[in-house]
Amino acid sequence: MDSIIVKGGNRLTGEIPVAGAKNTCLKLMCAALLTDEPLTLTNVPLLSDVATLALLLESLGCEIARLQGGRAVVLNAADIVDQKAHYDIVRKLRASFNVLGPLVGRCGEAVVSLPGGCAIGARKVDLHLAALEEMGATISLSDGYVHASAPNGLRGTEIEFPTVSVGATENAMCAATLAKGTTVLRNAAREPDTKALADCLTGMGARISGAGTSTITIDGVERLHGTTHRVIPDRIELGTYMIATGVAGGEVELIDGRRELVGALSDAMERAGIEISETEKGLKVRRDGGRILPVDVRTEPFPGFPTDLQAQMMALMCIADGTSMLEETIFENRFMHAPELIRMGANIDVHGGQAKVTGVERLKGAPVMATDLRASVSLILAGLAAEGETVVSRVYHLDRGYEHVEDKLGSLGATIERVSAT
Ligand code: EPZ
């Protein structure tokens, strides 16, 4: 298992590109199942999650051609040969559950493994299933699998989600594109990923309005066709490198970065005393010497502060001049980075969904362990500001969502390397 070693103390300077968005790309790949014509995606990130989902889609009969070294993929689901998504892949990647809506929408039938819990929380799928049931699917559960069936097709209806769910909104939206009549999704997710999925589906011939707001209306069509779609920049990768610059100090331009993707983070970083400016090529982040100011943050669905940047923000607050409160409202167990940060000298008190972080002047390098994707990267960020060496083990989590993190940070001046255990 690989580890990443960071020696802290270097400022970051230069520019790096922001990759295509993982969570958008995964849902766009699932949407390829909705048509028998090829869907071409460009600006695809080179990540293990993308490779895992590709394996699942191939097992269903989708042919996948990789172009430009994997930066573009052509997905051709002309013949769906199997409608069963097996546990051995779904358990590795929860986003695989998003083949459910497209499969039921197009084939009238799907058998998809329940994903099970994961490190950051229970992550139920009841909202996905309730939405499909409201559209006329019969749902049953057996042997750990969801069996969904709508032999005469789904029908449009009004669905009000009791809580905002990105995945359930996206599953329902995909299914509704081929349903009979009009579906209205209320309290829908407003995440840029969901809007990007709607844009791609529209390019495939779907009739969708209101994506990006909390009410999405989908008029079902007979069939969808192929298209070419560019994956939007990854707002979480963007935000991670913005925070990295705040932690280490320096000046970094993030090519393709856009403020509207990271509005809540930009506001919080500015309150912490970090400069953010829009440039022709993207977003520039700058921090001169001096301590960071403490900022309170509460995670919320978009456009609120994203849960996927909470761990990284905690790393920043660990070196603030004062006390900040971080509140996690999306997932029930997303502070696993806190004990590891404490091993590096951070002063953090976790009570339920709240973490009180009292900044220290300097963190100290230590061996630490990654527990999930965003927690892993927060430890690397903390290592950038720590005295001495930080060794982050179990970095396979990191490779699910960050392309060559050591190369990107290394190119900005960080002392960082990956070592493979023999
Ligand atoms: C997506 O997960 C992202 N994953 C997550 O990114 C992200 O943290 C999350 O949205 C929130 O922004 C992908 O897009 C692949 P939800 P998702 O359904 O769709 C509860 C990362 O690090 N809920 O919006 O699974 C759920 O338990 C990952 O890249 C139900 O109760 O999240 C959670 O508390 C991690 N029942 C809340 O809703 C349901 O049926 C929001 O979850 C569905 C969700």
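As the structure is a prediction and not an experimental result, all values here were calculated from the model. (Residues numbered from 1 in each chain as written. Predicted model: local features only at pLDDT ≥ 70, side-chain atom pairs only at ≥ 80, totals over all residues. Heavy atoms only, no water.)

1. Some thoughts on the overall build of the chain
- A tally of regular secondary structure across the chain gives 14 helices and 26 strands.
- Taken over the C-alpha trace, the chain has a radius of gyration of 21 Å; the compact-globule value for 422 residues is 22 Å, and the two agree within 12%.
- Each principal axis of the C-alpha distribution contributes one length, and for the chain these read about 65 × 45 × 40 Å.
- Taking all 422 residues of the chain together, the buried fraction comes to 57%.
- Of the contacts made within the chain by residues no fewer than 6 positions apart, 74% connect residues no fewer than 24 positions apart. (Helix = DSSP H or I, 4+ residues; strand = E, 2+ residues; numbered from the N terminus. Rg over C-alpha atoms; globule rule 2.2 N^0.38 Å. Buried < 20%, exposed > 50% of the residue type's maximum accessible area, 1.4 Å probe, protein only. Contact = heavy atoms within 4.5 Å.)

2. Brief notes about helix H12 (residues 373-385)
- For H12, the buried fraction is high: 13 of the 13 residues fall into the buried class.
- At the N-terminal end of H12, a side-chain oxygen is found 3.0 Å from the backbone nitrogen of Arg374, two or three residues along, and the residue is Asp372. (Polar contact = N/O pair within 3.5 Å; in protein donor to acceptor, adjacent residues only side chain to side chain.)

3. Focus on the site of the ligand
- If you check the shell around the ligand, you find 22 residues, and the closest are Asp126, Ser165, Asp308, Ile330 and Arg374.
- Lys22 has a polar side-chain atom sitting 3.1 Å from an oxygen atom of the ligand.
- Take Asp126: an N or O atom from its side chain is 2.6 Å from a nitrogen atom of the ligand.
- Relative to its unbound accessible area of 830 Å², the ligand is 85% covered by the protein chains.
- Residue assignment for the shell around the ligand shows that the elements contributing at least two residues are helix H1 (22-31), helix H5 (126-134), helix H6 (166-177) and H12.
- Grouping the amino acids of the shell around the ligand by side-chain chemistry returns nine nonpolar, five polar and eight charged.
- Summarising the domain contributions, the shell around the ligand has at least three residues from each of domain 1 (3-19 + 233-419) and domain 2 (22-230). (Near = heavy atom within 4 Å. Areas by Shrake-Rupley, 256 points an atom, 1.4 Å probe, with all protein chains shown as cover. Nonpolar A, V, L, I, M, F, W, Y, C, P; charged D, E, K, R; others polar. Domains from an automatic or database assignment.)

4. As for the sheet that holds strand S16 (residues 275-278)
- One open sheet accounts for four strands, arranged S2-S15-S17-S16; its pairing is mixed. Pairing within the sheet leaves two strands with one partner each, and these edge strands are strand S2 (12-17) and S16. Between one strand axis and the next, the sheet turns by 15 degrees as a mean value, whatever way the strands run.
- Looking at chain direction, strand S15 (residues 250-255) and strand S17 (residues 282-287) are connected through six bridges and run antiparallel. (Pairing = 2+ DSSP bridges. Axes fitted to C-alpha atoms, helices over the stretch in contact; angles between N-to-C directions.)

5. A word on unusual backbone geometry
- A cis amide bond links Phe302 with the next residue in sequence, Pro303, at an omega value of 10 degrees.
- With respect to the helices and strands, Pro303 occurs in the loop between strand S18 (297-298) and helix H10 (310-317).
- Positive phi is not limited to glycine here, since Asp143 has a value of about 50 degrees.
- Its location among the elements puts Asp143 in the loop between strand S8 (138-142) and strand S9 (145-149).
- For Asp143, a relative accessible area of 75% translates into the label exposed.
- A positive phi angle, near 85 degrees, is found at Asp256, a position not held by glycine.
- Mapped onto the elements, Asp256 comes out in the loop between S15 and helix H9 (263-271).

6. A closer look at the domain arrangement of the chain
- Per the domain assignment, the segments making up the chain are domain 1 (3-19 + 233-419) and domain 2 (22-230).
- For domain 1 versus domain 2, the distance between C-alpha centres works out to 31 Å.
- At the interface, 23 residues of domain 1 touch 22 residues of domain 2.
- Taking both partners together, domain 1 and domain 2 bury about 1,800 Å²; carbon and sulfur atoms supply 49% of that area.
- Area buried by domain 1 at its contact with domain 2 is led by Phe302, Arg400 and Glu403, which between them contribute 34% of it.
- Between the two partners, domain 1 and domain 2, sit four salt bridges.
- For the salt bridge of Arg400 with Asp49, the shortest nitrogen-to-oxygen distance reads 2.7 Å.
- The interface formed by domain 1 and domain 2 contains ten residue pairs in polar contact (both at pLDDT 80 or more).
- Here the residues of the side of domain 1 that touches domain 2 sort into nine nonpolar, three polar and eleven charged. (Buried area = accessible area lost by both parts, 1.4 Å probe. Salt bridge = Lys/Arg side-chain N within 4 Å of Asp/Glu carboxyl O.)

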